[in-house]
Amino acid sequence: MIIAIDGPAGSGKSTVARRIAELLGFHYLDTGAMYRAVTVAALKRGIGLEDESALAGLARAVRIDFGYRPGEALPSQVLIDGEDVTRAIRLPATDEGVSRVASLPEVRSALVAQQCALAAQADTVVEGRDIGTVVFPDAELKVFLTADPKVRARRRIEQNEAHDIGGELDRRSAYEALLARDEADSNRAYSPLAAAPDARVLDTTDLTLDEVIARILTWTAEIRKGEAQ
């Protein structure tokens, strides 16, 4: 079974997807981290973020892995060719560049192939911005999370602080960066951010994390029950 969770930056999809995977015993695949990893690799190598051919070659050449701590079911590290870039993928410079990298069709094609191969190995929760529309259009459950932009900006700051990069963005800067990211993701020509026609849209603005998770677990149980009948 594949559970596809899409939504804009700060909607809570990463936190929700991780928790759902943990509770269900599914694999967790963070596709956004893969695009961020390619962005980090490009910045380190001095590759222009508009050079589609070079970036696609980079995406095909580098090995992106997820690391696990002993006894933990969910990945705690992102690695590029064995190098830990978990912190680097959350830095503001990566935030500013990842939309450009992720908008390039050749890059997306290179990474989608890896994503499909990973998800084919087990029941998987996948989150991103085009999972239900492009990567896994046949996913059994598609969820599109959204929230008020100001709430999402606050969550992004809290996320940065959790990764020990707090203070690099103030609330106004985070809000403006988030709106710019929304604009770029929603209007890119290839695989724009959008809810799949059959996605279940869930506004998380006034919901607690536990309430969001409970809703998705209920939907999952309903689908599984229907499949068993």
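Above this text you will find the structure in question.
Each chain has its residues counted from 1, following the order in which its sequence is written. Local features in this predicted model are restricted to residues whose pLDDT is 70 or higher, and side-chain atom pairs enter the listing and the counts only when it is 80 or higher, whereas totals over whole chains, interfaces and linings include all residues. Excluded from the side-chain calculations are hydrogens and water; all other atoms, namely the structure's heavy atoms, are used.

1. Re the environment of Leu145
Tracing the backbone through its elements, the reader meets Leu145 in strand 7 (residues 141-146). Along the backbone, Leu145 and Ala119 are 26 residues apart, and their C-alpha atoms lie at a distance of 21 Å. Here, two residues are considered to be in contact whenever any of their heavy atoms come within 4.5 Å of each other. Setting aside chain neighbours within four positions, we find Leu145 in contact with Ile5, Asp6, Gly7, Pro8, Ser11, Gly12, Lys13, Val16, Leu202, Thr204 and Val212. Runs of E in the DSSP output that reach at least two residues are strands. Runs of H or I that reach at least four are helices, and both are numbered from the N terminus.

2. Some remarks on the sheet that holds strand 8 (residues 200-203)
DSSP-based pairing: two strands are paired if at least 2 bridges between them are found. If you walk across this open sheet you meet the five strands as 2-6-1-7-8, and the pairing is parallel. The sheet is open, and its two borders are formed by strand 2 (27-30) and strand 8, each paired with just one other strand. Put simply, the sheet's adjacent strands are angled 20 degrees from each other on average, direction ignored. By the bridge criterion, five bridges tie strand 1 (residues 2-6) to strand 6 (residues 124-128) in an arrangement that is parallel. The residue bridging Ile2 from the neighbouring strand is Thr124, located in strand 6. For helices, the axis comes from a line fit to the C-alpha atoms of the stretch in contact; other axes are also lines fit to C-alpha atoms, and the angle between any two N-to-C directions lies between 0 and 180 degrees. This element, helix 9 (residues 209-228), spans strand 1, strand 7 and strand 8 of the sheet and lies at about 165 degrees to strand 7.

3. Describing a negative patch on the surface
Taken together, Asp123, Asp138, Glu140 and Glu227 make up a surface patch of like negative charges. Looking at the secondary structure, you find Asp123 in the loop between helix 5 (105-119) and strand 6. Every patch collects residues that have over 30% relative accessible area and no salt bridge, joining them within 9 Å if they carry like charges and within 5 Å if they are nonpolar side chains (Val, Leu, Ile, Met, Phe, Trp, Tyr). Under the convention used here, a 1.4 Å probe and the Shrake-Rupley method define accessible areas, while residue burial counts only the protein chains that appear. Salt bridge criterion: a side-chain nitrogen from Lys or Arg within 4 Å of a carboxyl oxygen from Asp or Glu. Only four residue types enter the charge count: Lys and Arg as positive, Asp and Glu as negative, with His and the chain ends excluded. Every charge is mapped to an atom, namely NZ of Lys, CZ of Arg, CG of Asp or CD of Glu.

4. A short note on the sheet that holds strand 4 (residues 77-80)
The strand order across the open sheet formed by three strands is 3-4-5, and the pairing between neighbours is antiparallel. Both outer strands of the open sheet, strand 3 (64-67) and strand 5 (83-84), are each paired with one neighbouring strand and no more.

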